[in-house]
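Chain by chain, the residues:
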Amino acid sequence: MRYIDVQEEKAPVLRNIFYALKTVWRADKWLPLGYTLEMTLDFFFDLFIQNVLFLKVLLGVIEGESSFIYYLKYLGLFALLSLATKGGSWYFAYRGHIAAKSALKNINHQIFAKASTLDIACYENPDFYDIYQRASEVVSKGYYDLFCDSFAMIAGSLLSLVLVVITVAAIDPYYLLFLAPVLLVVVIELLKSKYCYKRDLEMTHNNRVKAYVQRTVFLRDYAKDIRTSNIFLVLLQRYRGAVKANVMILKKYGVGLFLYSVVSTLFSDFLPIIGTYAFAGWQLIHTDRLSVSGFSVVLSSVNSVRWAMGDLSECFSDVSEMALYFENLKRFYAYEPTVTDGTLEAKAFETLEFRHVSFRYPDAPQNALTDVSFTLKKGETLAVVGVNGAGKSTLVKLLLRFYDPTEGEIYYNGVSLKEYRIESLRNSFATVFQDYKNFAVSVYENVMCRVCDGDDKVLARHALEQSGAWDKIATLPKDGDTVLTREFEKDGVGLSGGENQKVSAARLFAGDFEIAVLDEPSSALDPIAEHLMYENLMQATENKTVLYISHRLSSAAFSDRVLVLDGGQIAEQGTHETLMQQGGIYSRLFALQASSYQVKEVEQNA
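Residues numbered from 1 in each chain as written. Predicted model: local features only at pLDDT ≥ 70, side-chain atom pairs only at ≥ 80, totals over all residues. Heavy atoms only, no water.

> Explain the overall build of the chain to me, please; I cannot follow it from the model alone.
For the chain, the count of helices and strands is 18 helices and 10 strands. The proportion of buried residues among the 606 residues of the chain is 46%. Of all intrachain contacts in the chain linking residues separated by at least 6 positions in sequence, the fraction that spans at least 24 positions is 76%. Entry remark: accessible area of the chain is about 30600 Å², with carbon and sulfur atoms responsible for 59%. (Helix = DSSP H or I, 4+ residues; strand = E, 2+ residues; numbered from the N terminus. Buried < 20%, exposed > 50% of the residue type's maximum accessible area, 1.4 Å probe, protein only. Contact = heavy atoms within 4.5 Å. Areas by Shrake-Rupley, 256 points an atom, 1.4 Å probe, with all protein chains shown as cover.)

Shown next as C-alpha cells:
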C-alpha cells in the first residue's frame with residue numbers, strides 16, 4: 001500500500017479563513033450570520049450576565065450591600081434578558097439550520113458545475129482525484145457547516161471574553177497576568193490544526209482506496225464477478241492495506257498530537273487556575289482589598305475567561321483546519337481546463353479533416369496516434385477499424401475535443417476545431433460509445449436525455465424500435481417509463497449488456513445530427529442482433545455522414561471507405577473490395593472474423 005510523505009502546504013491561515021467565510025456567505029449569508037448571532041447571544045448571557053453580573057448582585061445581597069427589593073428588581077431584569085436572548089438565539093439557530101440546507105445545495109451545485117468543465121484527462125490523473133476528494137469533503141463531511149458553527153463560537157467567545165476581562169480588570173488588573181498564558185493556547189491550537197490537516201492529507205489516497213472497495217462490493221455491475229472469482233480477496237487485501245497504512249500515519253502523528261494537548265492544557269487550565277486561586281486567596285486572607293463576594297466573582301470570572309478562551313482556541317483551531325479544506329476547494333475551482341472554448345458556432349457539415357495528427361496521453365511512454373491524416377466528406381461513410389489498442393477510440397476523443405492533438409490539427413469545414421464553441425461542436429455529432437452508460441432513470445429519459453413529455457415518448461419509442469430494444473422494453477412493467485436498475489425503484493429493472501447497448505444506441509435514432517460517430521456500437525451484441533442494428537443504422541443515416549469505429553469489421557463492408565489503424569498509424573485505406581484484394585491486415589482480420597461468425601451460426605442452429 002502506498003505510503004505518502006506529504007510536504008505541508010504553505011497556505012496562509014487568515015487568507016483561507018476569509019476565503020471560507022466568503023464562500024459560505026455567497027452560498028447563503030444566513031448560514032454564518034444566523035450561527036454567529038445565536039452563539040453571541042448564548043455566550044453573552046451564560047458567561048457574562050449569568051456567571052458574573054447575576055452572581056455579583058446575589059452576593060451583594062448576601063453580604064448586606066443591597067436590599068432584597070434591589071435583588072428582586074435585578075432578578076426580573078435577568079429573567080427578561082434570559083427570555084430575550086434565548087428567544088433570539090432560537091430564532092437565529094432556526095435561520096442558520098435552514099440556511100445550511102440551502103448552502104449545501106448551492107456549494108454542491110458549484111462543484112458539479114465546475115466538474116462538468118474539467119478535461120477528460122483529469123479523470124485519468126490520481127493526483128487530481130486526491131484534490132477533488134479533499135475539495136468535496138467540504139460538503140460531504142459538512143465542513144462548511146462546522147466552519148460556520150466554529151466561527152460563530154469564536155465571535156460569541158470574543159464578546160463575552162472582552163466583557164468578563166473588563167470586569168476582572170476593574171477588580172484588580174493583576175489578575176490579567178494569570179490569564180495571559182491562555183492567549184498562547186490560540187497559537188498552540190493553530191499549530192495543532194495544521195498538524196492534523198497534514199495527517200489527513202497523507203491519508204487521502206488510502207481513504208480513496210477504502211471508499212473504492214466499499215463502493216465496489218455494493219455495485220450491481222461487479223456483483224457477479226465478485227461472487228464467481230477470488231477478486232474479493234484482492235479487494236479485501238487492498239482495503240486492509242489502506243487501513244494499515246492509515247494506522248501507521250495515525251501512530252506517526254499520535255505522539256505529536258498528545259504533546260500539543262498537554263501543552264495546551266497547561267496554558268489553558270493549570271497556570272490560570274493555580275495562579276488566580278493562589279493570588280485571590282492571599283488577597284482575601286492577608287489583605288482587605290478583596291471581599292468574599294469579590295473573591296467569588298473573581299473566581300467565577302476567571303473560570304468564564306478560561307472557558308471562553310478554551311472555546312476560542314479550540315474553535316480557532318477547528319476554523320483553521322476547516323479553512324484548509326476550503327483551500328482545496330479553491331484550488332479545485334481555480335483549475336482551468338486545457339481544452340478551451342472557441343467563439344464560432346458549428347454550421348452544417350461539409351468536411352472533416354485530420355491533418356498529420358499525433359497524440360500522446362499524459363505520462364504515457366509513447367503516442368496513441370502518430371501522423372494520422374484523412375478527410376471525411378459530407379454524405380460519406382467511413383469505417384475506422386483495427387485491433388484493440390490500435391488508437392480507434394482515441395481518434396473519437398480527439399474529434400469530440402475531450403483532448404487536443406499533441407501535434408497536427410483537426411478541421412471542421414476547413415476551420416480548426418479549437419475555433420468552435422465546444423458545446424456547439426459536440427452537438428453536431430450523434431455519438432454512441434463502446435463504454436456506453438445508462439442511468440437510473442426511465443428508459444425514455446435514457447433515450448431522450450431529458451424529462452419526457454408525450455411527444456418525446458413517441459419519438460423515444462420509435463428510436464427504441466430502430467435500435468432493436470423495443471421488443472424487450474415492451475415487456476417491462478411500465479414499458480418505456482420503467483426505471484433502469486433497482487437502485488432507487490423496487491419495480492426498476494436490470495437489462496442485459498446487449499439490451500443496455502441497444503437502449504444507448506437508440507439515442508442516435510432519436511437525435512438530429514450532422515455526423516454519426518459510432519464507437520463500437522455493437523460490441524455487446526450477437527451477430528444476428530448486430531446485423532439488424534446495422535441495417536437500421538443504414539436506414540437512419542441515409543444521406544448522412546457516418547464514422548464507424550470498430551474492431552469488428554461488419555460495418556466496413558457497406559462503408560464507402562475503410563481506414564485500418566495499426567499501432568496508432570494508418571496501415572491501409574481504401575474500399576472493402578480493394579483491401580480484400582490486397583491481402584493485408586484488413587483481409588486477414590475480415591477472414592478471421594468471418595470464420596468465427598460461421599462457427600457461432602452453426603452452434604446456434606445446432
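That was the structure; now back to the text.
> For this particular structure, what's the right way to read the nonpolar core?
What tends to happen in soluble globular proteins is that the nonpolar side chains get buried as a cluster. In terms of nonpolar packing, the biggest core is built from 44 residues, with Leu 31, Tyr 144, Phe 147, Phe 326 and Phe 332 touching the most fellow members. Of the residues forming this core, the biggest block, 12 residues, is contributed by helix α9 (residues 292-334). Aside from chain neighbours lying at most four places away, what touches Leu 31 is Val 24, Gly 96, Ala 99, Ala 100, Ala 103, Tyr 144, Asp 145 and Cys 148. (Core = buried A, V, L, I, M, F, W, Y, C linked by side-chain atoms within 4.5 Å.)

> Is there a simple way to explain the packing of aromatic side chains in this structure?
Geometrically, a pair of aromatic rings is defined through the distance of the ring centres and the angle of the planes. Evaluated as defined, the whole model comprises 15 aromatic pairs. For the ring pair Tyr 91 and Phe 92, a centre distance of 5.4 Å and an interplane angle of 65° mean the geometry is edge-to-face. For Tyr 91, a relative accessible area of 43% gives the class partly exposed. Among the aromatic side chains, those forming a connected cluster through ring pairs are Phe 349, Tyr 412, Tyr 420 and Phe 429. Above the face of the Trp 30 ring, Arg 95 is positioned so that its terminal group lies 4.1 Å from the ring centre. The cationic tip of Lys 330 hangs over the ring face of Tyr 19; the distance from NZ or CZ to the ring centre is 5.2 Å. (Phe/Tyr/Trp six-rings, centres within 6.5 Å; stacked < 30°, edge-to-face > 60°. Lys NZ or Arg CZ within 6 Å of the ring centre and 35° of its normal.)

> Can you walk me through the sheet that holds strand β6 (residues 429-432) in this structure?
Hydrogen bonds along the backbone pair up the strands of a sheet, which may run parallel or antiparallel. Taken in spatial order, the six strands make up an open sheet running β6-β7-β8-β3-β9-β10, and their pairing is mixed. Because the sheet does not close on itself, it has two edges, and the strands there are β6 and β10 (569-574). Each strand axis lies, on average, 15° off the axis of its neighbour in the sheet, ignoring direction. Here β6 pairs with strand β7 (residues 515-519) via four bridges, running parallel. (Pairing = 2+ DSSP bridges. Axes fitted to C-alpha atoms, helices over the stretch in contact; angles between N-to-C directions.)

> Even after reading the chapter, I still don't get the sheet that holds strand β4 (residues 407-412), so can you show me in this structure?
Strand order in the open sheet made by the four strands is β2-β1-β4-β5, with antiparallel pairing throughout. The sheet is open, and its two borders are formed by β2 (369-377) and β5 (415-416), each paired with just one other strand.

> For this particular structure, what's the right way to read the pattern of salt bridges?
When their charged atoms lie close together, side chains carrying opposite charge are able to pair. By the definition in use, this model includes 13 salt bridges. As a salt-bridge pair, Glu 327 and Lys 330 come within 3.4 Å of each other at their nearest N and O atoms. A residue pair is termed a helical-turn pair when its members lie 3 or 4 positions apart in one helix, as Glu 327 and Lys 330 do in helix α9 at three residues. On the basis of relative accessible area, Glu 327 is assigned to the buried category, the value being 10%. According to the relative accessible area criterion, Lys 330 is partly exposed, its value standing at 22%. The partner of Lys 418 in a salt bridge is Glu 409, and the shortest N-O contact between them spans 3.8 Å. Residue Lys 418 is classed as partly exposed on the basis of its relative accessible area, which comes to 35%. A network of salt bridges, in which partner residues are shared, links Glu 345, Arg 421 and Glu 423. (Salt bridge = Lys/Arg side-chain N within 4 Å of Asp/Glu carboxyl O.)

> Before we go on, may I ask you to explain the environment of Ala 113 in this structure?
Within the fold, Ala 113 resides in helix α3 (residues 68-115). Along the chain, Ala 113 and Tyr 333 lie 220 residues apart, while their C-alpha atoms are 9.9 Å from each other.

> Before we go on, may I ask you to explain the packing of helix α13 (residues 454-467) against helix α15 (residues 497-510) in this structure?
The relative placement of two packed helices comes down to the angle between their axes together with the axis-to-axis distance. With their axes 8 Å apart at the nearest point, α13 and α15 run at an angle of 120° to one another. Overall, the two elements α13 and α15 adopt an arrangement that is oblique. In this structure, α13 meets α15 at a crossing whose hand is right-handed. For the pair formed by α13 and α15, the contact residues are Leu 459, Ala 463, Leu 464, Gln 466 and Ser 467 on the first element and Lys 502, Val 503, Ala 505, Ala 506, Phe 509 and Ala 510 on the second. Here the contact of α13 with α15 is built from residues that sort into eight nonpolar, two polar and one charged. (Parallel < 35°, antiparallel > 145°, perpendicular 65-115°, else oblique. Left-handed = near helix turned anticlockwise from the far one by under 90°. Nonpolar A, V, L, I, M, F, W, Y, C, P; charged D, E, K, R; others polar.)

> Would you take a moment to explain a nonpolar patch on the surface for this structure?
On the surface, Ile 231, Phe 232, Leu 233 and Val 234 cluster together into a nonpolar patch covering about 340 Å² of accessible area. Here Ile 231 shows up in helix α8 (residues 231-286). Looking at Ile 231, the relative accessible area reads 37%, which means it is partly exposed. (Patch = residues over 30% accessible without salt bridge, like charges linked within 9 Å, V, L, I, M, F, W, Y side chains within 5 Å.)

> Would you mind going over the confidence of the model for the chain with me for this structure?
Parts of the model with low pLDDT should not have their predicted coordinates read in detail. On average, residues of the chain score 78 in pLDDT, and 77% of them reach the 70 mark or higher. Scored below 50 in pLDDT, residues 597-606 makes five contacts in the model with residues more than four places away or belonging to other chains. (pLDDT = per-residue confidence, 0-100.)

> It is not clear to me how unusual backbone geometry should be interpreted in this structure. Could you clarify?
Trans is the common state for peptide bonds, and a negative phi is the common state for residues other than glycine. One non-glycine residue, Asn 413, adopts positive backbone phi at about 55°. Even without glycine at this site, Asp 479 takes up a positive phi of about 40°. Relative to the helices and strands, Asp 479 resides in the loop between α14 (470-473) and α15. Exposure remark for Asp 479: the relative accessible area of 29% places this residue in the partly exposed category.

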